[in-house]
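Here is what each chain is made of, one letter per residue.
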Amino acid sequence: MIPVQFDYLAPTSVEEALAALGQHGDDAKILAGGQSLLPVLRMRLNAPEVVIDLGGISSLRGIRDDGDALVIGAMTTHHDVRDDSLVKEHALLLSKAAAEVADAQIRHRGTFGGALAHADPAGDLGAPALALGAQFVIAGPGGTRTVDAADFFVDLFETAIGDDEILTEVRIPKHTGWGAHYEKFVRVAHQWPIVAVAATVKGSIDEARVGLTNMGSTPLRATATERALAGASATEDGVREASQLAAEGTNPPSDLNGAADYRQHLARVLTGRAVLKAAGV
Ligand SMILES: Cc1cc2nc3c(=O)[nH]c(=O)nc-3n(C[C@H](O)[C@H](O)[C@H](O)COP(=O)(O)OP(=O)(O)OC[C@H]3O[C@@H](n4cnc5c(N)ncnc54)[C@H](O)[C@@H]3O)c2cc1C
């Protein structure tokens, strides 16, 4: 289907984009890589009068070292996040998860910020961002504010970004030297996960962070498993026992891909696999 006709704006600065958002309000929609928005427009599930393309704002692209954190521009593609040497060194979990997003074509067009702003509970980047304690930098008419990952994901396809705001960058605290693995369970290759687990561990195991994809309306942390793993030795039995707690506090959907209790079973099994691989066992 062809989308409803809209005006197309291509600002070259964040200020210009914010001014356009302010002018057009609810009638406007931000365009990043278009990999989620364009299908929505083509199915006529949304019909904005104005589309504001962030593609011409070069300051929103790229990855830089900022002391204790890496800063990833919102318009950085999944491909660039996956291959970046700073990400591999300081936030390996993100590189591994970005490698699992869709296929090569989508990874070259889709953006880190677009995926996180879209907040699909089955999206592959929310759980790793949450597990790594990401901070989201959001620009609006009143200036810039920073939101912790725990407060950023509000509900299904809903984040803390206001209608008149733009996600500009994401700060990822460095996890240098931590092992990492993203374990994704799919029925069809190159698709969204039925359930996935993002695990990153320090040592063997001093500290663990575990994020769950598609186990509720937002990405979740498997905090009971994280507590059980802290200070535990990375034996197969010990990790599998701690992983039995992974579904605590989750509220996964039931749909054609699986019932809620099946997803909870998957979360326990996949957590065991992800943590063992992250710990190199
Ligand atoms: C066939 C297919 C398979 C896919 N498989 C997967 C998969 O396996 N795993 C996965 O994680 N994803 C998957 N995706 C989605 C993909 O990752 C998209 O790249 C991502 O969801 C959206 O990023 P985008 O840059 O394309 O954003 P867009 O589609 O341009 O925008 C998405 C939404 O976010 C808003 N937005 C974008 N950027 C900003 C910003 N900076 N500030 C405020 N709002 C913003 C837009 O207004 C829009 O509402 C798939 C997509 C397709 C088409």
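Analysis parameters
Residues numbered from 1 in each chain as written. Predicted model: local features only at pLDDT ≥ 70, side-chain atom pairs only at ≥ 80, totals over all residues. Heavy atoms only, no water. Helix = DSSP H or I, 4+ residues; strand = E, 2+ residues; numbered from the N terminus. Rg over C-alpha atoms; globule rule 2.2 N^0.38 Å. Buried < 20%, exposed > 50% of the residue type's maximum accessible area, 1.4 Å probe, protein only. Contact = heavy atoms within 4.5 Å. Expected span 1.5 Å × (residues − 1). Near = heavy atom within 4 Å. Polar contact = N/O pair within 3.5 Å; in protein donor to acceptor, adjacent residues only side chain to side chain. Nonpolar A, V, L, I, M, F, W, Y, C, P; charged D, E, K, R; others polar.

So, about the overall build of the chain. Summing up its helical and strand segments, the chain has twelve helices and 14 strands in all. The C-alpha atoms of the chain give 19 Å as radius of gyration, which agrees with the globular expectation for 281 residues (19 Å, within 12%). Principal-axis analysis of the C-alpha atoms places the extent of the chain at approximately 60 × 45 × 30 Å. Counting over 281 residues, the chain shows a buried share of 48%. Residue pairs in contact within the chain that sit at least 24 positions apart in sequence constitute 61% of those at least 6 positions apart.

Right, let's get into helix α12 (residues 260-278). For α12, spanning 19 residues, the distance from its first C-alpha to its last is 26 Å, which sits close to the expected 27 Å at 1.5 Å a residue. Burial in α12 covers these residues: R263, L266, A267, L270, T271, G272, A274, V275, L276 and A278. Taken together, the buried residues of α12 touch β11 (179-185), β12 (195-202), β13 (207-213), α10 (223-229) and α11 (236-243). Once α12 ends, the next one or two residues include G280, with phi positive near 75°.

This part is about the site of the ligand. Close to the ligand lie 28 residues, the nearest being I30, Q35, L37, T111 and D124. At 2.8 Å from an oxygen atom of the ligand is found a side-chain nitrogen or oxygen belonging to S36. In the model, an oxygen atom of the ligand is placed 3.1 Å from a nitrogen or oxygen of the A102 main chain. Per element, the largest residue contribution to the shell around the ligand is four residues, and it comes from helix α7 (residues 112-118). Within the shell around the ligand, the residues separate by chemical class into 14 nonpolar, eleven polar and three charged.

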